[in-house]
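Coordinate inspection notes
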Amino acid sequence: MEKSEQVSDAEAITNPYPPPYKLLLKCPFGLSPSQVFVDFSSTHDRIPHSDLNLEESILEIWDQRLQQKPSLFNGTKFRYGGHAVHDMDDPNQHTVVSLNLGLTDYRTFVGTNLSSSWEKFLVPSEDDSKRCQHTSNPLGNGAVVETADRNILVLQRSHNVGEFPGYFVFPGGHPEPGEVGISSHQHEGSMSESAVINRKVSQEMFDSIIREVVEEIGVPASSLSNAVLIGISQRGLNVRPTAFFHMKCNLESKEIHQLYSSAQDGYESTQLYTVSRSELEKMAAKMPGCHWGGFALYDLVSKTVKDI
């Protein structure tokens, strides 16, 4: 299992802007919940930058955003701090991945990753977890959902959202610490409690993506297959990471369109598309970089698992 890949070395040399995405983790056969472990620890939290002015800018930016939009909520998120891949020596055993997760919040995300000075928070390093140690890096999620008539679900983002209004995206959002009763690292130190929390957080990685698809598309959870992790994509612009999953829906496109009209979360998107793989490839360049990377992960799975 290869760990990372940039879009194009030639593009990186000739283009002053970062490439659209980087694949931090590729799982072409898909990983089930039993193959994904979590190390949830404060050691994976963000490290404050030594530049005090840069640190102070985080709160300043947040205060400015609050003045413009008082309804903003500083929610807690899981912070992506890297991963470890364990390839088993026994061919009968499957590859497993351990995700290193800490805690962060929306305010820090706005003041680091979304700041116009986001590149100043980066550390020159080939090790991505070290390179991004001063950024918030909340772990997002996205789902490549195939319908019974072999189309893929794509949403068009509303113009009301803060990031990439009007862009095409896969359904998704974030795994939520609050869903498993986490608001801080209060249980750290007890090995037994830490083990329980790690299992809960690992399950939340999979539960949350089902929840997002149900809320954003309107399909019942019973219509969806078990999700498998297909990798982690990082947006080139502001280094935002997103875990991508693949799943199938046993409903056809026409039925899904009818359900979408009454979806619970209708604020973030304005239109649902059910597209073929070839149409999806054309739309990918009109996605935020991390979702473009999600398409690249799906394309890799499609070429590896022939009966997907």
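The paragraphs below set out a description of the structure included in this document. Here the structure is a predicted model, which is why all the values come from computation and not from measurement. (Residues numbered from 1 in each chain as written. Predicted model: local features only at pLDDT ≥ 70, side-chain atom pairs only at ≥ 80, totals over all residues. Heavy atoms only, no water.)

What follows is about the overall build of the protein chain. Looking only at helices and strands, the protein chain has eight helices and 12 strands in total. Across the 308 residues of the protein chain, 52% fall into the buried class. At a minimum sequence separation of 6, the contacts of the protein chain that also span at least 24 residues come to 72%. Counting only carbon and sulfur atoms, one obtains 50% of the accessible surface of the protein chain, whose full area is about 14,900 Å². (Helix = DSSP H or I, 4+ residues; strand = E, 2+ residues; numbered from the N terminus. Buried < 20%, exposed > 50% of the residue type's maximum accessible area, 1.4 Å probe, protein only. Contact = heavy atoms within 4.5 Å. Areas by Shrake-Rupley, 256 points an atom, 1.4 Å probe, with all protein chains shown as cover.)

As a further point, take the nonpolar core. Leu-101, Met-205 and Met-247 are the most contacted members of the largest nonpolar core, which totals 43 residues. Element by element, the count of residues in this core is highest for helix H5 (residues 191-217), at eight residues. The residues touching Leu-101, leaving out its near neighbours within four places in the chain, are Val-38, Asp-39, Phe-40, Ser-41, His-44, Phe-78, Arg-79, Tyr-80, Leu-139, Val-201 and Met-205. Val-154, Phe-244, Leu-280 and Tyr-298 belong to the second largest nonpolar core, which has 19 residues in total. (Core = buried A, V, L, I, M, F, W, Y, C linked by side-chain atoms within 4.5 Å.)

Take empty space enclosed by the protein next. Where empty space is left can be seen by rolling a probe of water-molecule size over the atoms. Here the structure, examined in full by the defined rule, presents one cavity of 30 Å³ or more. Roughly 60 Å³ of internal volume is contained in the largest cavity. Looking at the largest cavity, the residues that line it are Phe-40, Ser-184, His-185, His-187, Glu-188, Ser-194, Ile-197 and Asn-198. No other element matches H5, which puts three residues into the lining of the largest cavity. Residue classes in the lining of the largest cavity are distributed as two nonpolar, five polar and one charged. (1 Å grid on protein atoms, 1.4 Å probe; cavity = no way out; pocket = protein on both sides within 12 Å on 5 of 7 lines; lining within 4 Å. Points joined across faces, edges and corners; volume = space filled by probe spheres on them. Nonpolar A, V, L, I, M, F, W, Y, C, P; charged D, E, K, R; others polar.)

Moving on, we come to the environment of Ile-210. Note on placement: Ile-210 falls in helix H5. Separated by 10 residues in sequence, Ile-210 and Pro-220 have C-alpha atoms that sit 9.6 Å apart. Those residues within four positions of Ile-210 in sequence are excluded, and the remaining contacts are Ala-221, Leu-224, Ser-225, Ala-227 and Met-247.

Let's shift gears to the sheet that holds strand S3 (residues 36-40). Strand order in the open sheet formed by three strands is S3-S5-S4, and the pairing between neighbours is mixed. With one partner strand each, in any of the chains shown, S3 and strand S4 (76-86) form the two edges of the open sheet. When the angles between neighbouring strand axes are averaged without regard to direction, this sheet yields 30 degrees. In the sheet, S4 pairs with strand S5 (residues 96-105) via nine bridges, with the strands oriented antiparallel. (Pairing = 2+ DSSP bridges. Axes fitted to C-alpha atoms, helices over the stretch in contact; angles between N-to-C directions.)

The next subject is H5. Given 3.6 residues per helical turn, the α-helix brings residues three or four places apart onto the same face. For H5, spanning 27 residues, the distance from its first C-alpha to its last is 39 Å, which sits close to the expected 39 Å at 1.5 Å a residue. The sharpest bend along H5 reaches about 30 degrees and sits at Met-205. Of the residues flanking the end of H5, it is Gly-218, one or two places downstream, whose phi is positive at about 95 degrees. (Expected span 1.5 Å × (residues − 1). Bend = angle between axes of the 7 residues up to and from the residue.)

Summarising the element assignment, Ser-269 is placed in strand S12 (residues 269-275). Judged by relative accessible area, Ser-269 falls into the buried class, the value being 9%. Residue contacts for Ser-269: discarding those within four places in its chain leaves Leu-155, Gln-156, Arg-157, Ser-158 and Tyr-260.

Once that is clear, we can look at the environment of Glu-55. Looking at the secondary structure, you find Glu-55 in helix H2 (residues 52-68). Taking the C-alpha atoms as reference points, Glu-55 and His-134, 79 residues apart in sequence, are found 9.5 Å from one another. Apart from the residues within four sequence positions on either side, Glu-55 is in contact with Arg-46, Pro-48, His-49 and Phe-121.

Here a ring pair, both rings aromatic, is described through the centre-centre distance and the interplanar angle of the planes. Taken as a whole and judged by the stated rule, the model has seven aromatic pairs. Measuring from ring centre to ring centre gives 5.4 Å for Phe-168 and Tyr-273, while their planes differ by 90 degrees; the resulting arrangement is edge-to-face. Separated by 105 residues along the polypeptide, Phe-168 in strand S8 (residues 168-169) and Tyr-273 in strand S12 bring together distant segments of the chain. Between the aromatic rings of Phe-170 and Phe-244, the centroid separation amounts to 6.0 Å while the plane-to-plane angle is 80 degrees, which identifies the pairing as edge-to-face. In this pair, Phe-170 is assigned in the loop between S8 and strand S9 (172-173) and Phe-244 in strand S11 (residues 241-248), connecting sequence segments 74 residues apart. Ring pairs connect the aromatic residues Trp-62, Tyr-106 and Phe-109, which therefore count as one cluster. (Phe/Tyr/Trp six-rings, centres within 6.5 Å; stacked < 30°, edge-to-face > 60°.)

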